Amino acid sequence: MNHKYEVLIIGGGVVGCAIARELSKYRVSAALLEKEMDVGMGASCRNSGVLHAGFKYAPGSLRARVAVKGNALMDDLCRDLKVKIKRIGKLTVGLDEEDEPTLRHLKEQGDTNGVPGLRVIGREEMQKIQPGVEGYIALHSPSSSIISPYSLTIGLAENALANGVNFHLGQRVESISQQPEKGWHVRTAAGEIFEAQVIINAAGLYSADVSRMAGVDGYTIYPCRGEYYVLDKRLNGTLTALIYPAPKKNAPGWGTHLTPTVDGNILIGPTAQYIKEPENHACTPDILRRLRIEGQKLLPAIQVSDYIRNFAGIRAKQTPPEVGGNKDFVIEDRKDVKGFINLVGLESPGLTASPAIAQMVVEMVGNHLSLVPDPSFNPVRPGSSDFFSELSAEEKADLVAKDPNYGEIICRCEKITKKEILDAINNPLGARTIVSLKYRARASMGRCQGGFCIPRIVRLLRDEFGWRPEDFLKRGVDSPLFVGNVRPEGGQA
Amino acid sequence: MSIKTIHRDVVVIGGGPAGLAAAIAASEAGCKDVLLIERDRILGGILNQCIHDGFGLHEFKEALSGPEYAARFINRLPGLGIEVMTGTIVLSLSPERILEVSTRGAIQYIQAGAVVLAMGCRERTRGAISIPGQRPSGVYTAGAAQNFINMENIMVGKNVCILGSGDIGLIMARRMTLEGAHVEAVFEILPYSSGLPRNIQQCLNDYNIPLFLNTTVTEIRGNGRLEGVKVAQVGKDRAPIPETERYIPCDTLLLSVGLIPENELTRDAGVAMDPITGGALVDDTFMTSVPGIFSCGNVLHVHDLADWVSVEARDAGRFAAAYVHEKREASRQRITIKEGDGVRYVLPQSVSGERDFILSLRVTAPWRNRAVVVRSGDKKVRRKKIVRLHPAEMIRINIGKDALAAAGGSSLEVSVE
Amino acid sequence: MSTKEFTCVVCPNGCPIVVNIDDDETPVITHIEGSTCKKGEEWVHQEIENPMRTISSSVVVTGGDCILASVRTNRPIPLGRIMKVMEEIKQVTVIAPLAIGDVVLRNPAGCDTEIVATRSVAKAQ
């Protein structure tokens, strides 16, 4: 099948989705290709869910610019897209006088970058922000925040879709060619052809490959895995701010830290380990053990039963293991390859920067097409950022009165209702996997990890939508949940 | 919208074996206003999916399947006039015994005279025991697989490995074999099985399914569906021995690695907990540290047999009814009970000394021909010889109030000698 | 001759029993050690000479408020016939309603047992 668009975005991570949403403000025909069966299946939803303030990046760097600007754009964006965000701020804590120059330097650097509200504070004030924290001095960055990375990525995608951008899921790009006069010709593994005047490479871990396909060599991505533990909500409220140790010169190993999530869990991690396979999201025994030991040191209240899950995300690094550190983001409108906007190595702070990157990229698209604002653009995504379980008893009663499906709890750990499950499965992108459901409705993300609710969700989807055993997939077509029926189905007599 | 509040004398949370027995006992004890709340569409709880037999040997002197065992109790509810709310979940519970409940179409508050917690337990997951590796589909807790196969007519896999030799894992090894799956093996990290000997024989040996002790799963492989697991023997510290690691291709891994009492509501209500059982601290009436809130069954401590759940829950239900009628305060005189050598936990953790009671306990290791001894200081209260002592099996011992009074003292210690 | 180990399931004592067996066509027990009671010995003899088992499974229901009904044997069957009995159970379809104890299959694989429902199924609304 052939599809024709003016602009084609390759990659449905948070950056690709942000670009799609930014483009949807204009009268331009655009589409996004994603190899997985949903958006946000890579690093975009496998991270700490932190918005960085931007004081860590060298002044004048692209990373500094897009992080600070992206962070500032988030309040309005989250309000419009119904994304949960909590401006809890961060304390970068120094343990003794030796850390003071480092923190002062970070503050100056942050001020230069335009980071708002940075202050170096003493012990007393530090403990007002996070009771119990130990330290001599700290840099407080109020714009450091936590956010739901799932809601952000999905919210951007859904709003882009509502405003006219097409999403083609399960389309892995196999080859790209450019034909004189006709523009770009993108072929996917499913055998479909997409034609476009401008293509945007937002392929994350595969950005170097896509770049090469489009005729731009010279980039390499070194996948670098970070492992995490997720802690039970029992510890919700223990952390009132993000707490990071002051960076030490020649520090041994990686600085494990704790991050509260907007949904009330705490994460331990991430670690950093270069790997060969770009998508091996395995967690490894030695690292898990270290995370438990370090986590316990940072938060002695952790009990064995608080570890409910571990997971891993993979950074798209441009620096090989022997070099380490980071390179600046590549965001370029290639002059040598016309109509190719190339984004390579967008690791942290990609989530924070995504709306700013999207603005930059759309400006670049304007170099190739005339962009006319679309007056019918609606920035608002319907729905609520709060889950039913987060409402007051009165608000709950109102919803239940309107729709009794709110009165039926399917996921007991997270108290997710039948209505929320149905809404999630009816999502506008048409993503139908168990992980899609989890990222939208939180079902199975609690302490029983789906042991209780997945059988009930399966029953619900079978009863309401006639799903058969083979229709249930965890993430993709290669991850079926079941092998079939136990007995041939009897049905209704 | 305003929310209405209703009043009930005894509210039982959970319609499984514990809740059913507790509600019936409360009613039989003379309470005419008993409400039983169940979150599922039907009563019976986990019994509904336990279609194997072996239930009721103690209660009914015959071997029943789970659904039959449940039906024996459920059938008595209408005659006793016990009110039942199915499809109803308790969202919160306050120390004043106010429940916030959600049913299709309504949220309401229930002010209870007494509450019996009977929510049961949940299965420990892969995440909880930190099995390393990738996250493919095909990894299930044994109970979830049991639900799919026995309730939903869905087959979860063809080539199966099972981690953990708990009874649900053993039962599922047989069940999947009977339905045409190939069960490769059962792996148990401990040096002994945590299942009943009968299940080892009839679920594994009968079908030539090997059980590897001192062995665990060290890695899960597969990007989409499970492709295989690595297993290794473990040393005395339970750490895997790398040289013994081997790879077994399979498309399904079932986990039967323990049960966790489901006590989120209990914590809500501010009830003091026992870190070993994972359940509430209770006295000899099964009352928790919060007056009027009682706990029984697997939410209190994980039982080996459903029959013992019923026995325990009957007591809890009876005392809950008595609490409502007598407005009894917690008795002031308390004798605490502590674990001694060889004992992992004891229950109740404190008693009044006013009545006979049953001491439930579990031992720390398997032994034969030992005695469980209850002492107050250096005075012996009770000594019971037991032929087979096993960590997977609960031990129940009657303690008489006269023996207790004769020994005196304010604390008891229970040990294996 | 071979040696077999058992854990007795007759009572909670769970005695370990070691048995020496003559491996002729019909096994003959030559020696038992470990059993502390007569019942245990009888059980081991039964286990070796003609082990009997009860089994549980499910059958498909049409027109009911659920799709499967659990069933079991109401008398033990020879261990060696379990798979044959399962084959017959798999063929059974019953029509709702169904009550506990209803016979859904008689004498499967020639065994002296009935397959009975262990849950009731109401007609679908």
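Residues numbered from 1 in each chain as written. Chains lettered and ligands numbered in written order. Predicted model: local features only at pLDDT ≥ 70, side-chain atom pairs only at ≥ 80, totals over all residues. Heavy atoms only, no water.

### Some points on the sheet that holds strand β2 (residues 16-22) of chain C
All names here are of chain C. Operational definition: Note: two strands are recorded as paired if DSSP finds a minimum of 2 bridges between them. Numbering of helices and strands runs from the N terminus; a helix is a DSSP stretch of H or I covering at least four residues, while a strand is a stretch of E covering at least two. In this analysis, axes come from line fits to C-alpha atoms, helices being fitted only over the stretch in contact, and the angle between any two N-to-C directions falls in the range 0 to 180 degrees. Residues count as neighbours in contact if any of their non-hydrogen atoms are within 4.5 Å of one another.
One open sheet holds the 3 strands; their spatial order is β1-β2-β3, and the pairing between them is antiparallel. Looking at strand neighbours, the two that pair on one side only are β1 (2-7) and β3 (28-33), the edges of this open sheet. Going from strand to strand, the sheet's axes swing by 30 degrees on average, the running direction of each strand aside. Relative to β3, β2 runs antiparallel, the two sharing 5 bridges. Bridge pairing links isoleucine 21 to isoleucine 29 in β3. On the sheet, helix α1 (residues 38-49) packs against β1, β2 and β3 and is oriented at approximately 140 degrees with respect to β3.

### As for the nonpolar core
The condition is simple: Within this scheme, the nonpolar core is defined by two criteria: the residues are buried Ala, Val, Leu, Ile, Met, Phe, Trp, Tyr or Cys, and they are joined through side-chain atoms within 4.5 Å. Only protein chains enter the accessibility calculation, which uses a 1.4 Å probe. A residue is then buried if its area is under 20% of the maximum for its type, exposed if over 50%, and partly exposed in between.
By size, the foremost hydrophobic cluster in this structure holds 73 residues, and its most contacted members are A:Ile457, A:Phe482, B:Met176, C:Ile89 and C:Val104. Core analysis: the second largest hydrophobic core is formed by 63 residues, B:Ala23, B:Leu64, B:Leu77 and B:Leu265 among them.

### Digging into the domain arrangement of chain A
All names here are of chain A. Stated precisely, the cut-off is as follows: Domain segmentation is taken from an automatic or database assignment of domains. Two parts placed together each lose some accessible area under a 1.4 Å probe, and adding up what both lose gives the buried area. Here, a salt bridge means any side-chain nitrogen of Lys or Arg that lies within 4 Å of a carboxyl oxygen of Asp or Glu. Counting of polar contacts relies on pairs of N or O atoms within 3.5 Å, with two restrictions inside protein: one atom must be capable of donating a hydrogen and the other of accepting it, and residues adjacent in sequence are counted only when both atoms are side-chain atoms. Classes in brief: Ala, Val, Leu, Ile, Met, Phe, Trp, Tyr, Cys and Pro nonpolar; Asp, Glu, Lys and Arg charged; the others, Gly included, polar.
Here the domain parsing of chain A yields domain 1 (1-83 + 148-220 + 318-385), domain 2 (84-147 + 222-317) and domain 3 (388-471). In this complex, domain 2 contributes 8 residues to the contact, which on the side of domain 3 involves 8 residues. For the pair domain 2 and domain 3, the summed buried area comes to about 680 Å², and 31% of that belongs to carbon and sulfur atoms. At the boundary of domain 2 and domain 3, one finds 4 salt bridges. With a shortest N-O distance of 3.0 Å, arginine 442 and aspartate 263 are connected by a salt bridge. For the interface between domain 2 and domain 3, the tally reads 6 residue pairs in polar contact (both at pLDDT 80 or more). Partitioning the side of domain 2 that touches domain 3 into residue classes produces 1 nonpolar, 1 polar and 6 charged.

### Comments concerning the side chain of A:Arg46
Residue and element names in this part refer to chain A. Operational definition: Charged residues are defined narrowly, with Lys and Arg counted positive, Asp and Glu counted negative, and His plus the chain ends left uncounted.
Along the chain, arginine 46 turns up in the loop between β3 (30-34) and β4 (50-51). Nearest to the buried, unbridged arginine 46 among oppositely charged side chains is glutamate 279, at 7.3 Å. Of note is the side chain of arginine 46, whose polar atom sits 2.8 Å from the backbone oxygen of alanine 312. Those residues within four positions of arginine 46 in sequence are excluded, and the remaining contacts are Met41, Tyr228, His281, Phe311, Ala312, Gly313, Tyr439 and Arg475.

### A few points about the interface of chain A and chain B
Of the residues lining the interface, 59 residues belong to chain A; the matching set on chain B comes to 45 residues. Buried area between chain A and chain B, both sides added, is near 4500 Å², and the carbon and sulfur share of it is 52%. For chain A, the biggest contributors to the area lost against chain B are A:Arg412, A:Val483 and A:Val486; these three give 13% of the whole. Summed over the shared surface of chain A and chain B, the result is 8 salt bridges. The salt bridge partner of B:Glu179 is A:Arg487, with a shortest N-O separation of 2.6 Å. Between the two partners, chain A and chain B, sit 24 residue pairs in polar contact (both at pLDDT 80 or more). Sorting the residues of the side of chain A that touches chain B by element identifies α7 (285-298), β20 (307-317), α9 (393-402), α12 (453-465) and β25 (484-485) of chain A as the ones contributing at least two each.

### A short note on the sheet that holds β3(A)
All names here are of chain A. On the basis of which strands lie adjacent, the open sheet formed by 6 strands has the order β10-β3-β2-β14-β22-β21 and mixed pairing. Every interior strand has two partners, whereas the edge strands, β10 (166-169) and β21 (330-333), have only one. If you compare each strand with its neighbour and ignore which way they point, the axes differ by 15 degrees on average. The pairing of strand β2 (residues 7-10) with strand β14 (residues 198-201) spans 4 bridges and is classified as parallel. Note on β14: the bridge partner recorded for leucine 8 is isoleucine 199. Contacts from helix α1 (residues 14-23) reach β2, β3, β10, β14 and β22 (340-344), with the element oriented near 160 degrees to β2.

### Regarding the pattern of salt bridges
A full pass over the atoms with the stated rule returns 65 salt bridges over all chains. Residue A:Asp38 is joined to A:Arg440 by a salt bridge in which the shortest nitrogen-to-oxygen separation is 2.7 Å. On the criterion of sequence distance, the pair formed by A:Asp38 in the loop between β3 and β4 and A:Arg440 in helix α11 (residues 434-441) is long-range, its members being 402 residues apart. The exposure class assigned to A:Asp38 is buried, which follows from its relative accessible area of 0%. Of the residues examined, A:Arg440 reaches a relative accessible area of 14% and is grouped as buried. Ionic contacts of the salt-bridge type, sharing partners, join the residues A:Asp232, A:Arg412, A:Arg447, B:Arg39, B:Arg122, B:Glu262, B:Glu264 and B:Arg267 into one network.

### Quick look at the packing of helix α2 (residues 62-81) of chain A against helix α5 (residues 149-162) of chain A
Residue and element names in this part refer to chain A. For clarity, the cut-off: With respect to orientation, any angle under 35 degrees is reported as roughly parallel, any angle over 145 as roughly antiparallel, any angle of 65 to 115 as roughly perpendicular, and every other angle as oblique. For any pair of crossing helices, the crossing counts as left-handed if the nearer helix is rotated counterclockwise from the farther one by less than a right angle, and right-handed if it is rotated clockwise.
Orientation of α2 relative to α5, taken along the N-to-C sense of each, is 70 degrees, at an axis distance of 10 Å. Looking at the two axes, α2 sits roughly perpendicular to α5. Crossing angle aside, the handedness with which α2 passes α5 is left-handed. Facing Met74, Leu77 and Leu81 of α2, the residues of α5 in contact are Leu152, Gly155, Leu156 and Asn159. Residue composition of the contact of α2 with α5, grouped by class: 5 nonpolar, 2 polar and no charged.

### Digging into the pairing of strand β7 (residues 98-103) of chain B
Residue and element names in this part refer to chain B. The buried count for β7 comes to 5 of 6 residues, which makes it a mostly enclosed element. In the sheet, strand β6 (residues 88-93) pairs with β7 via 5 bridges, with the strands oriented antiparallel. Of the residues in β7, the one forming a bridge with threonine 88 is threonine 103. A loop of 4 residues connects β6 with β7, the two strands running antiparallel in sequence, and arginine 97 in this loop sits at a positive phi of about 70 degrees.

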